[in-house]
Amino acid sequence: MKIVTVIPAYNEAVKIEKVITKLKPYVTEIIVVDDASQDNTFEIAQAAGALTIRHIINRGQGAALRTGTQLALGRDADIIVHFDADDQFQAEDIPEMIAPICDGSADAVLGSRFLTKKSKLPKSKEYIIMPLARLVNRLFFGIKLSDPQSGFRALSRKSAEKLTIENDGMAHCTEIIHKLFKNNDRIVEVPITVVYHEFGQKLSGGFKIIKDIIIQKLIK
Amino acid sequence: MFQQLLAIIIIAFFLIRLFEQKKKKQISANEFLVWLIFWLSALIAIIFLKQIDILVAKLGFSGTGINVLVYLALLALIFLVFRMRLTIAKMEKNISELNQALTLKK
Ligand SMILES: Nc1nc2c(ncn2[C@@H]2O[C@H](COP(=O)(O)OP(=O)(O)OP(=O)(O)O)[C@@H](O)[C@H]2O)c(=O)[nH]1
Ligand SMILES: [Mg+2]
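Note that this is a predicted model, so its numbers are computed, not measured. (Residues numbered from 1 in each chain as written. Chains lettered and ligands numbered in written order. Predicted model: local features only at pLDDT ≥ 70, side-chain atom pairs only at ≥ 80, totals over all residues. Heavy atoms only, no water.)

1. Brief notes about the nonpolar core
All names here are of chain A.
1) Next: Core analysis: the biggest nonpolar cluster contains 31 residues, and I7 and V32 have the highest contact counts within it.
2) Next: Sorting the residues of this core by element identifies β1 (3-9), α1 (16-23), β2 (29-34), β4 (79-82) and α4 (94-102) as the ones contributing at least two each.
3) Next: With near-sequence residues (within four places) excluded, I7 lies in contact with I16, V19, L23, I30, I31, V32, V33, F83, D84 and A85.
4) Next: Of all hydrophobic cores here, the second largest spans 22 residues; its members include A64, A72, L110 and I176. (Core = buried A, V, L, I, M, F, W, Y, C linked by side-chain atoms within 4.5 Å. Buried < 20%, exposed > 50% of the residue type's maximum accessible area, 1.4 Å probe, protein only. Helix = DSSP H or I, 4+ residues; strand = E, 2+ residues; numbered from the N terminus. Contact = heavy atoms within 4.5 Å.)

Here it is, written out as structure tokens:
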């Protein structure tokens, strides 16, 4: 089985090498999509041994994931794992993340910060952004998941081939979940640990995601 | 009277500009037609403001013809903004696609 990780990275020069090194024992290949960073994320990722490609202009995390996933499919990946570049996810969680796909019981696995393993989230996230995002999921899409915004996911080749990520920005998390459901993929949530080194997106970022989702819904 | 004259001058200015743009081929035939109709109807509306006043009153609206024109202008603006948003969304999508194609080509 060829397991390919796709890491969207934007100005992650400080952390990217550590992330790549920790991932190596768990996956076959690592693809880093440098989204036109201003720092030397690209050079560092390349030197660390990842297959690194570079966007000419910054198009956002969703766009980077789309590019990376496309490349992974082109390189005959059997399983594609989306992983953040900011060292918040644990590489050790990967075996558990891909297990349901390996044994054929799932097409897509979503990492959840809210199942048994306990991730310490910033208060604004735990009590405002996440409940709101869950509500949007439920109201707009009728989807019940414990973690509405997880960026840690594993997709079978079949699932990734059917998936078209359209949202360039951060709203792609919700978009992907929605489309996995629409494609009738068998979805499993697996508990993961997410470490918050510093506050990631601010509250305003959370509201931007919700705004993006609603606008996309209206444009359709 | 003076206001009407001013409005006509302004409309004439935009009409002349429109024809210039058309001559320099800066706008498409469709776009040209839309704007031509827009400014011509504005011109007619301004010239026949009195009659429009009467018509509006007959239809049972309070207020004068100029109010109705402002409402219509507002509607036109909202429509244009909406269309622009769609165009921009489409453009953004195209840019991302181009970007991806260029990235993967190497
Ligand atoms: N390609 C790309 N990646 C980005 C961009 N902005 C952020 N990222 C990457 O997206 C990942 C997650 O970014 P964060 O800002 O931590 O977002 P998050 O993990 O959803 O939010 P937190 O839970 O608050 O950490 C990191 O690997 C970033 O490098 C961008 O503009 N383009
Ligand atoms: Mg993060």
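2. Points about unusual backbone geometry
Excluding glycine, a negative phi dihedral is what most residues carry, and trans is how most peptide bonds are arranged.
1) Next: Non-glycine residue N184(A) carries a positive phi angle of around 60°.
2) Next: Mapped onto the fold, N184(A) is located in the loop between α7 (172-182) and β7 (187-191).
3) Next: At K25(B), a residue that is not glycine, the phi angle is positive and equals roughly 60°.
4) Next: Position of K25(B) among the secondary structure elements: in the loop between α1 (2-23) and α2 (29-47).

3. Some words on the sheet that holds β2(A)
Residue and element names in this part refer to chain A.
1) Next: Taken together, seven strands build an open sheet; the order of strands is β3-β2-β1-β4-β6-β5-β7 and the sheet is mixed. The outermost strands of the open sheet, each flanked by one partner alone, are β3 (51-54) and β7. The average angle at which neighbouring strand axes cross in this sheet is 20°, direction not considered.
2) Next: Inspection of the sheet shows strand β5 (residues 108-112) paired to β7 by five bridges, in the parallel sense. Note on β7: the bridge partner recorded for S112 is P191.
3) Next: Relative to the sheet, α7 contacts β5, β6 (153-156) and β7, its axis offset from that of β6 by approximately 35°. (Pairing = 2+ DSSP bridges. Axes fitted to C-alpha atoms, helices over the stretch in contact; angles between N-to-C directions.)

As far as function goes, none of this settles anything; it's purely spatial.
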